[in-house]
Protein chains: 4
Amino acid sequence: MIPRYSRPEMTSIWEPETRFQIWFEIEAHAMDALVELGVVPREAAKAVWERGGFDVARIDEIEREVKHDVIAFLTSLAEHVGEEARFVHQGMTSSDVLDTCLSVQLVRASDLIIADLDALLAAIKRRAFEHKMTPTMGRSHGIHAEPTTFGLKLAQAYAEFERCRARMVAAREEVATCAISGAVGTFANIDPRVEEHVAKAMGLKPEPVSTQVIPRDRHAMYFATLGVIASSVERLAVEIRHLQRTEVLEAEEYFSPGQKGSSAMPHKRNPVLTENLTGLARLVRGYTIPAMENVALWHERDISHSSVERMIGPDATVTLDFALVRLTGVIDKLLIYPERMRRNLDKMGGLIHSQRVLLALTQAGVSREDSYRLVQRNAMKVWDSDGQLQLLDLLKADPDVTAQLSDAQLEGLFDLGYHFKHVDTTFKRVFGE
Amino acid sequence: MIPRYSRPEMTSIWEPETRFQIWFEIEAHAMDALVELGVVPREAAKAVWERGGFDVARIDEIEREVKHDVIAFLTSLAEHVGEEARFVHQGMTSSDVLDTCLSVQLVRASDLIIADLDALLAAIKRRAFEHKMTPTMGRSHGIHAEPTTFGLKLAQAYAEFERCRARMVAAREEVATCAISGAVGTFANIDPRVEEHVAKAMGLKPEPVSTQVIPRDRHAMYFATLGVIASSVERLAVEIRHLQRTEVLEAEEYFSPGQKGSSAMPHKRNPVLTENLTGLARLVRGYTIPAMENVALWHERDISHSSVERMIGPDATVTLDFALVRLTGVIDKLLIYPERMRRNLDKMGGLIHSQRVLLALTQAGVSREDSYRLVQRNAMKVWDSDGQLQLLDLLKADPDVTAQLSDAQLEGLFDLGYHFKHVDTTFKRVFGE
Amino acid sequence: MIPRYSRPEMTSIWEPETRFQIWFEIEAHAMDALVELGVVPREAAKAVWERGGFDVARIDEIEREVKHDVIAFLTSLAEHVGEEARFVHQGMTSSDVLDTCLSVQLVRASDLIIADLDALLAAIKRRAFEHKMTPTMGRSHGIHAEPTTFGLKLAQAYAEFERCRARMVAAREEVATCAISGAVGTFANIDPRVEEHVAKAMGLKPEPVSTQVIPRDRHAMYFATLGVIASSVERLAVEIRHLQRTEVLEAEEYFSPGQKGSSAMPHKRNPVLTENLTGLARLVRGYTIPAMENVALWHERDISHSSVERMIGPDATVTLDFALVRLTGVIDKLLIYPERMRRNLDKMGGLIHSQRVLLALTQAGVSREDSYRLVQRNAMKVWDSDGQLQLLDLLKADPDVTAQLSDAQLEGLFDLGYHFKHVDTTFKRVFGE
Amino acid sequence: MIPRYSRPEMTSIWEPETRFQIWFEIEAHAMDALVELGVVPREAAKAVWERGGFDVARIDEIEREVKHDVIAFLTSLAEHVGEEARFVHQGMTSSDVLDTCLSVQLVRASDLIIADLDALLAAIKRRAFEHKMTPTMGRSHGIHAEPTTFGLKLAQAYAEFERCRARMVAAREEVATCAISGAVGTFANIDPRVEEHVAKAMGLKPEPVSTQVIPRDRHAMYFATLGVIASSVERLAVEIRHLQRTEVLEAEEYFSPGQKGSSAMPHKRNPVLTENLTGLARLVRGYTIPAMENVALWHERDISHSSVERMIGPDATVTLDFALVRLTGVIDKLLIYPERMRRNLDKMGGLIHSQRVLLALTQAGVSREDSYRLVQRNAMKVWDSDGQLQLLDLLKADPDVTAQLSDAQLEGLFDLGYHFKHVDTTFKRVFGE
């Protein structure tokens, strides 16, 4: 997490002030529950809510001595609250505060990411409908295959990010739990009803069984989900990088006036945003394994997960949030060139219609193997001619072909519109409209 | 995937025969749909179902020439079916067959893994209830913390694997789609109704929008889920390895008569099964990143994902299946030693009750900080005495403590049962009973 | 490791017969040393060498009972040797045999991979000199940058794989150690001179200090090295995939007569080998982390590393070996199209010379910033004209430019040969000639 | 990289001031070489060295407009230098500056890490000699195996970190190269002698062949090496965590006066530093894969590696540096308890001598299999007695044993000193003394 790849909306979730404020709320809500249970006096809870506060610098100072952040926080809090502070944290253990706080932070991060995905989906949808019927080359293996539309390309991205959104909602559910269960999760010194109260107040659900800590399989699933979403970001970014290649140039990242593409070559307009997204995806993916290694804590807990989460908690969420917002901007302002798409479609001398000829020959009674050979032998000549020969011409001149198909039939097989008759079906499946 | 860590139930899903059989079914069901649409003659479909077949060795032979597995399969199929075979695969592309087949295989693998998880959950539950109230040491950081019960440990594992089961069900959903959409997913040469028919026949749902291939974010999510489940396997395995340590020895893997623990040291009984599970978890986790790297295919598809999936498809599912079954066996036959648990509980001279004393002092009006210092100064003497001193004795002899708490009150704070009053609550949460 | 991506030269290293044969040699050599030390009778060693043998099926059978592979092997060996077999394995522990055997296997695998790299280097070198001065487009960000030669591209690959070779030699060194040090590495029951003897006999060095096992940081470094080499394989593979794109088509994988590129589209010639290499690279990289997780074994050893190594030992070496041989074949037979390279060079209306104009303006006294603006404003027009406008024409028509540079000077800046004056220097650096 | 896990020595390498200062030096040294080659006037180089400077805030401001950091830097530099600035960066490309700078930073980071390793090695060595002959339990699988010494444990760690040091030196070599080769590495507009001059001035070697960028296999190897070293850190950390377990307690992290182990349990002294190191190791390992994914840049370069390196460059080096220093502190002040080690050695009723008995029986003429059975049947009784029975007693009472070995012979087999006769050999191998 570095400023260059961060948005304040997300970084603020991970700042000390935010963390300590959440800690405070957890402790104060816990006291409310303890009051109801008759464990601590009502005035103590009142004092905490009214006079409660903390001082980040002071907490740092205390922590340097006691080497324990929650104790440092509680001491600072006590300095604000006064004598009634001795009822704070009653029967709780540090992890009750730390883990519930992390849940709140990850939930907030999820909400931002879900909002990012919504904005991205809206941008993709707008451009998809704009280019619903724009013919463009469909490529497999980087080689021209058959025609598709640019809208279909974006419909695919839409469907993929809609899945990502659903996964993110599920990941949010995974981590939205609260544990106030004491030193080894037995509730020995704290009633389970405190946990229920705090959970509700913080927008969480009680963790069914915790062991000082909330189990880390939840967090592993969370970070793995971020890794998958990042991989989908990479996919769309790579698509745009390909489309912007000099020889293809069917689309281009917006290039602002005043921008410089290269310190040495004034002619350059590079897809730097999507290249950047490719790198960011690698980072977010990389955090997956450490999160999974965190699962096997020793016995009721060890603290090895903590350093990992202090780093990847912010790193993964901030980076993915930034990446999603950047990708939305790229899609929103993407320069799309239908004419070049058309020119590229024509580049291979009609080879992209080879399958239709194959099928027509089959329908006309030629065996699949013979049909394939007939088309391939003509296609390879076109391929080797570098756009100088046209498949249609060669087929018309091939007696084995013309024995089966008339010129008019052959010409009909080279119609572009034929390929787009089901675009509506797919759009309806993806967008419901 | 090696025989040592494989079960035939899972490996058979990945054998050539199975794959070709699924291919056959996809092609044949597609023909049925094409018959209904009037694209191919009814007799052709009939011929395929009746005379259809394939020969694995023959397919291999053909593939060596054409370097394309689906074409090799279709050729072998044609040799069985005869002339009507030219209607097979009409308008389809290889990936229609390959990807739909992979979906079927992953769905079947999921079903096995879900069944494995059910068996594991049953074993854990049985042992959890057996030891619901067996007192055992709760440890944080490998250090004695406070008492818990062995049943609670297992309840935690149960809840974790129940989450794993829910994740596996979701992962199954992710990959249970069918694509029969042609060369670039436009349905140019095949009606979407064929996809719908085949999907239904094969127990899948139509992929809303495919691009020759089913998008690989689905598979990434699938393998990431396996990685998380493997991490939970590791957690329980590590717990057992710890419990079997010579100095702890609270539980032990079953050691069969005739088994030898070491070629050199005849006295050894090692937790080799759970150590093995730890290693297997590393493997399954390791397949996560390659699966995520598969997402960003170029344009409508490139084939880089294929080699990855040919390896990790079997490797990840076979290894996790084996691990889950092995873990179930370990739990099922686990030797559990309540007496040693009890002895270990007593090892630290009563230190495990330090929090209760802290809380009692706080309740008696001492500040949290002073209470902590009072208890800590006595506790450290016990810690350093190596089990020779008892905390209760020292507290009774500390005038600052006895000024607040009577001997009787102090003794009451060392009651083990106190810690177990909420075990029922947790069991109800976890097991619903 | 599956047959499709395996070569018998490498798989044979990992077969049971090979493993047991290495075990046998280790045990027999150890006996020789024990004879010299007077610990076992000379006849016993003689009996082992002469009558020694094993039976894979019998070993499997015994292992099913004793659940310990080395004990099973020793039992089978004893059945061949007879009574003198009781002197075998004297003072040794299983890991002495297992770990030293793994070292031998990894060393042999290294030798194959080094030979693979040598063959690859030879192929790259041959093609590099063949195309030393073939002009081709240099691209950054996928966008035309400035001219380079195809030979330089290959020289880069050569230098990279030469580094990979050096790394592989270092990795071989890392794992070429022998441990015969007993149950916890103290040589309690076996003299260190046995280790020295066996090490020498097996082509290894004694492990300075082992702890029943050879430390796994060695193996982690080994597999990490394979991961880096695989990444270099991916780099060259991705280069070729880019060059084969329809719109670029400057090079192409050899397409054999009879080969079929697609089941549906008879015109296709796809870079399937290099796409496959991309996937194989992901796999080899993926084995890196499990190997690193193997390092932190518990105390003197736990056996969690074993299952990981049983899988990734073969998987990583077999896959990388296969990938290197495949890549060598691709380079060797690569179809290279200098004419299309030339045509692509001309595609951008001379924009690729923009830097030279920038520098000439600077040299003529214009500030860097102004020079940049002057060139950029003309370059962007060319960029937007899609190859219709020529940069040279526009510059000649720009009075701010012509105020500094004459037409003749401008024309001189568009000379292709200018870019290749240091090719010799680089070739000398890389190939020493 | 967060302050909590950072040392200023390392973070300062990655601060903007440092980076721009290195950029400045590269540009200025390049000018010197260009002066010698007669390309730029001597006064221009003089002006740069004398008036050269930059302003971080100003650079940020310019970058916001031009979206290119090197151009922003050059503009800021020009504002300090004046008119002569137009000769700066002549014929260079941004990556010449960026990549050479990264090399300098990674080299400096390497030097810090090597120094860290030296300090760690010194600490380990001191403690190793201190406890060279301190008997302690050797454990395999977490189970008592045979005796070793605490010094041998540390000797193993010493040898491992010495290997890590050698690897770090090699990794430093890998990245210590300089590229000043222009837009696609052809030296079209800059003489290779500039590169040679700058390389020497910055303590680097010229990159034999670059392609605008220094090839990223170098960096992949670098970060992979950090990942391996981190794994070795984890290994030693895990060892200490095990030794500090309540039931083992043979060593303990230093616990400072005033420190609090738990907010709830005043008795706790937890191995929090080594648990922390375990987590930090996961992080450093996690950066390995993104670094490897950076290798396959497109054509002569794409910029996807940049974001990865901006993050993991600092993150990996800062975290590993911090971890090594922390580990050195832990080892330096480690509390070591020889008495408890002795007590643990005695815990298993003499089982740890089982192998010697096995060997003695074999030597006395019993077959290996029978010897194993004889010892195992007595050992299992001791194992099940929980330290109540002594193996020596049982053996003396077993007529099948006493038929072979006298009481005196049996007693001799239980001598601890027997195990340590080769400690000197190992120490000589490891420490050379």
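What comes next is a walk through the structure. Quick caveat: nothing in here was measured; it's all calculated off a predicted structure.

Rules of the game
Residues numbered from 1 in each chain as written. Chains lettered and ligands numbered in written order. Predicted model: local features only at pLDDT ≥ 70, side-chain atom pairs only at ≥ 80, totals over all residues. Helix = DSSP H or I, 4+ residues; strand = E, 2+ residues; numbered from the N terminus. Rg over C-alpha atoms; globule rule 2.2 N^0.38 Å. Contact = placed C-beta atoms within 7 Å. Nonpolar A, V, L, I, M, F, W, Y, C, P; charged D, E, K, R; others polar. Least-squares fit on C-alpha atoms with pLDDT ≥ 70 in both. Axes fitted to C-alpha atoms, helices over the stretch in contact; angles between N-to-C directions. Parallel < 35°, antiparallel > 145°, perpendicular 65-115°, else oblique. Left-handed = near helix turned anticlockwise from the far one by under 90°. Buried ≥ 20, exposed ≤ 12 C-beta atoms within 10 Å, placed from the backbone.

### Side note on the overall build of chain A
In terms of helices and strands, chain A carries 19 helices and six strands. The C-alpha atoms of chain A give a radius of gyration of 30 Å, which is well past the 22 Å a tight globule of 433 residues would have. Long-range contacts, defined here as pairs at least 24 residues apart, represent 75% of the contacts in chain A between residues at least 6 apart.

### Description of the interface of chain D and chain C
With 71 residues of chain D in contact, the opposing surface of chain C contributes 72 residues. The leading source of residues in the side of chain D that touches chain C is helix α9 (residues 217–244) of chain D, at 13 residues. In terms of residue class, the side of chain D that touches chain C is built from 29 nonpolar, 25 polar and 17 charged.

### Quick look at the relation of the copies chain A and chain D
Once chain A has been moved 0.0 Å along the axis and rotated by 180°, it coincides with chain D to within an RMSD of 0.0 Å. Such values leave the two copies arranged in the relation of a two-fold axis. The position closest to the rotation axis in chain A is occupied by the C-alpha of Gly286 of chain A, lying 2.7 Å away. The overlap is high: 98% of the interface residues of chain A also sit at the interface in chain D, so the same surface is used on both sides.

### So, the interface of chain A and chain D
Facing 44 residues of chain A, the contacting portion of chain D comprises 43 residues. The greatest single-element share of the side of chain A that touches chain D, amounting to nine residues, is contributed by helix α10 (residues 272–286) of chain A. Classifying every residue of the side of chain A that touches chain D by side-chain character gives 19 nonpolar, 16 polar and nine charged.

### Quick notes on the relation of the copies chain D and chain C
Between chain D and chain C, which share one sequence, the superposing operator has a rotation angle of 180° and an axial displacement of 0.0 Å; the RMSD is 0.0 Å. The overlap is high: 100% of the interface residues of chain D also sit at the interface in chain C, so the same surface is used on both sides.

### Some details on the packing of helix α6 (residues 94–130) of chain D against helix α7 (residues 150–175) of chain D
Residues and elements named next belong to chain D. Contact geometry for α6 and α7: axes closest at 9 Å, N-to-C directions at 165°. If you check the angle between α6 and α7, you find them roughly antiparallel. As α6 packs across α7, the resulting crossing turns out to be left-handed.

### Some remarks on unusual backbone geometry
Phi is positive for Gln212 of chain A, which is not a glycine, with a value near 75°. On the basis of neighbour count, Gln212 of chain A is assigned to the buried category, with 30 C-beta atoms found within 10 Å. For His141 of chain D, which is not glycine, the phi torsion reads 60° and is therefore positive.

Any functional reading would require information beyond the geometric quantities listed.
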